[in-house]
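# Working through the structure, step by step
Chain residues, written in single-letter form:
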Amino acid sequence: MIVNPQPEDKYVISLMNVRKVYEGKVPVEALRNVDLRVERGDFVTITGPSGSGKTTLLLVMATLTRPTSGTVLIDGIDVTKLGDDELSRLRNRKIGLVFQNYNLVERMTVLENVELPLIARGVPKSERRKIAMEVLRVLEIDHLAHRKPNELSGGQQQKVAIARTLAQNPDIILADEPTANLNSEMAKVVMETFVEANREFGRTVIVVTHEPEIAEYGKTRVRMKDGSIVSVERA
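Below: a short report on this structure. Since this is a predicted model, take the numbers as computed values, not measurements. (Residues numbered from 1 in each chain as written. Predicted model: local features only at pLDDT ≥ 70, side-chain atom pairs only at ≥ 80, totals over all residues. Heavy atoms only, no water.)

Taken across its eight residues, helix α1 (residues 54-61) has six buried, putting it largely inside the fold. Taken together, the buried positions of α1 are occupied by K54, T56, L57, L58, V60 and M61. (Buried < 20%, exposed > 50% of the residue type's maximum accessible area, 1.4 Å probe, protein only. Helix = DSSP H or I, 4+ residues; strand = E, 2+ residues; numbered from the N terminus.)

This is the structure:
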């Protein structure tokens, strides 16, 4: 099960010959023999037309969807051999997720929203408050700490969602269309936040997008079509 768990391993995610078939009256092959290796500390963008398999690929890397066949390694661990509880523990330790819907708790302040995952881990109040405020400060939104989500713009809410993810201290941040609901100005603000998470926090960032201008942020740019990777380019 453990292939190479050492943190100095070059690849934080490796997919080998991965297929995903959604069963139904007409089976849909969402991923077709995908091979992809993501280097530790990289910033990867994944693009492609609707139905190309990019979101399914992200869900497989997030361990939220099991592949039909193939091998998926996260930090050298073959996650296809793990049970649901083991997957949940690995995901909680290593993976942070950001979606286009911010999923903030409206009745809570920004600070309290960022603290939420730390509460679930049993982190003492004084420590989790310190962690949350530091993340907000680095992302330059600490002045919003005591506001409620309905007092923020869409871009600011997405930055709070990213801050909440960073507070978990994940090795990997996976984002599915995080700018889809934003105008171009706010989209730029959000993507610069991911750049900062990559640069300042050293996180591996993987962003799925259908927008070419968002894909330009990637150091590595993956393009998909019909369930397959058709190109991988380094910026």
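Relative to the helices and strands, R66 is located in the loop between α1 and β4 (69-74). Taking the relative accessible area as the measure of exposure, R66 reaches 34% and is therefore partly exposed. Between the alpha carbons of R66 and V79 there is a distance of 8.8 Å; along the sequence they are 13 residues apart. For R66, the residues in contact, after removing those within four places along its chain, are K20, V79, T80, L82, G83, D84 and L87. From its side chain, R66 meets the backbone oxygen of L82 in a polar contact 2.8 Å long. A polar contact is formed between the side chain of R66 and the side chain of D84, at a distance of 3.1 Å. (Contact = heavy atoms within 4.5 Å. Polar contact = N/O pair within 3.5 Å; in protein donor to acceptor, adjacent residues only side chain to side chain.)

With that out of the way, let us pick up the nonpolar core. Counting residues in each nonpolar core, the largest one holds 36 residues, and the members touching the most others are V114, L136 and F194. Of all the secondary structure elements, the ones that give two or more residues to this core are α3 (110-120), α4 (125-138), α5 (154-167), β7 (172-176), α6 (184-200) and β8 (204-208). For this core, the leading source of residues is α6, giving seven residues. Filtering out sequence-adjacent residues up to four positions away, L136 remains in contact with V110, L111, V114, I141, D142, A145 and A163. Of all hydrophobic cores here, the second largest spans 29 residues; its members include V38, L58, L87 and L174. (Core = buried A, V, L, I, M, F, W, Y, C linked by side-chain atoms within 4.5 Å.)

With that settled, consider the pairing of strand β2 (residues 28-39). In this sheet, β2 lies alongside strand β1 (residues 11-22) in antiparallel orientation, the contact comprising eight bridges. The residue of β2 that forms the bridge with V18 is V34. Adjacent in sequence and paired antiparallel, β1 and β2 are bridged by five residues. (Pairing = 2+ DSSP bridges.)

This paragraph deals with unusual backbone geometry. Negative phi values dominate among residues other than glycine, just as trans dominates among peptide bonds. Although it is not a glycine, N33 adopts a positive phi angle of roughly 50 degrees. Mapped onto the secondary structure, N33 falls in strand β2. Given the relative accessible area of 41%, N33 is considered partly exposed. Positive phi is not limited to glycine here, since N103 has a value of about 55 degrees. Structurally, N103 is set in the loop between β6 (95-99) and α3. Of the residues examined, N103 reaches a relative accessible area of 54% and is grouped as exposed.

With respect to the helices and strands, the residue E196 is situated in helix α6. Buried charge without a partner: E196 forms no salt bridge, and the closest opposite charge is R199, 5.2 Å away. Ignoring anything within four residues of it in the chain, the contact list for E196 reads V138, L139 and F201. (Lys, Arg positive; Asp, Glu negative; His and termini not counted. Salt bridge = Lys/Arg side-chain N within 4 Å of Asp/Glu carboxyl O.)

This paragraph deals with the sheet that holds β4. The strand order across the open sheet formed by four strands is β2-β1-β4-β5, and the pairing between neighbours is antiparallel. Each of the sheet's edge strands pairs with one partner strand only, and the pair in question is β2 and β5 (77-78).

Where α5 meets α6, the closest approach of the two axes is 9 Å, and the angle between their N-to-C directions is 15 degrees. In terms of orientation, α5 and α6 fall into the roughly parallel class. Note on packing geometry: the crossing formed by α5 with α6 is right-handed. Contacts between α5 and α6 pair G155, Q158, K159, I162 and L166 from the former with M186, V189, V190, T193, F194 and A197 from the latter. Across the contact of α5 with α6, the residue classes break down as seven nonpolar, three polar and one charged. (Axes fitted to C-alpha atoms, helices over the stretch in contact; angles between N-to-C directions. Parallel < 35°, antiparallel > 145°, perpendicular 65-115°, else oblique. Left-handed = near helix turned anticlockwise from the far one by under 90°. Nonpolar A, V, L, I, M, F, W, Y, C, P; charged D, E, K, R; others polar.)

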